Amino acid sequence: QVQLVESGGGLVQPGGSLRLSCAASGFTFSRYAMNWYRQAPGKERELVAVVTSAGGRTNYADSVKGRFTISRDNAKNTVYLQMNSLKPEDTAMYYCNAFLNKYDYWGQGTQVTVSS
């Protein structure tokens, strides 16, 4: 079965960095685009970043452009989100997502808290 397992979240000071990872299994990872979403308390889940199946193209929410970088390693079935210059408003639960055969699959999420 499809599994997405995020890791790498934590507490970081404003201006700091974190690198999230999402290990995927149960499907042919290299054939599908992968996404990172986030959801802050009281807010809707929002799309943060997208990477195409081969990693050649990426897209970002305006709020994270220039600070976050999505990448993938198809040999390791893993997608990453490098987050730099973190701000308090980046505080949220971050989720890895794959849209496969008309279904959305989600990981359990990893909490990112940006606070001094």
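Reading the values: rules and limits
- Residues numbered from 1 in each chain as written.
- Predicted model: local features only at pLDDT ≥ 70, side-chain atom pairs only at ≥ 80, totals over all residues.
- Heavy atoms only, no water.
- Salt bridge = Lys/Arg side-chain N within 4 Å of Asp/Glu carboxyl O.
- Helix = DSSP H or I, 4+ residues; strand = E, 2+ residues; numbered from the N terminus.
- Buried < 20%, exposed > 50% of the residue type's maximum accessible area, 1.4 Å probe, protein only.
- Disulfide = S-S within 2.5 Å.
- Pairing = 2+ DSSP bridges.
- Axes fitted to C-alpha atoms, helices over the stretch in contact; angles between N-to-C directions.

## Quick notes on the pattern of salt bridges
Here comes step 1: Here the structure, examined in full by the defined rule, presents 4 salt bridges.
Here comes step 2: Among the salt bridges present, the one from Asp90 reaches Arg38, with a minimum N-O distance of 2.9 Å. Here Asp90, found in the loop between β8 (78-83) and β9 (92-100), pairs with Arg38, found in strand β4 (residues 34-39); they are 52 residues apart in sequence, far enough to count as distant. Judged on exposure class, the residue Asp90 and its partner Arg38 are both buried.
Here comes step 3: Across the pair Arg67 and Asp90 runs a salt bridge, and its minimum N-O distance is 2.7 Å. Note that Arg67 is positioned in the loop between β6 (58-60) and β7 (68-73) and Asp90 in the loop between β8 and β9, a separation of 23 residues in sequence.
Here comes step 4: You can call Arg67 buried: its relative accessible area is 10%.
Here comes step 5: Salt bridges linked by common partners bring Arg38, Glu46, Arg67 and Asp90 together as one network.

## Some thoughts on the state of the cysteines
Among covalent bonds in proteins, the disulfide is the one between the sulfur atoms of two cysteines.
Here comes step 1: Per the counting criterion, the structure on display carries 1 disulfide.
Here comes step 2: Paired by a disulfide, Cys22 and Cys96 hold their sulfur atoms 2.2 Å apart. Across the disulfide from Cys22 to Cys96, rotation about the S-S bond amounts to roughly -80°, and the bridge is consequently left-handed. Here Cys96 lies in strand β9 and Cys22 lies in strand β3 (residues 18-25), a separation of 74 residues in the sequence.
Here comes step 3: Owing to a relative accessible area of 0%, Cys22 belongs among the buried residues under this scheme.

## Some thoughts on the sheet that holds strand β1 (residues 3-7)
Here comes step 1: Across the sheet, 4 strands lie side by side as β1-β3-β8-β7; this open sheet has antiparallel pairing. In the strand order of this sheet, the two ends are held by β1 and β7, each with one partner. Sheet twist, expressed as the mean angle between neighbouring strand axes with direction ignored, is 15°.
Here comes step 2: As judged from the 6 bridges shared by β3 and β8, these two strands associate in the antiparallel manner.

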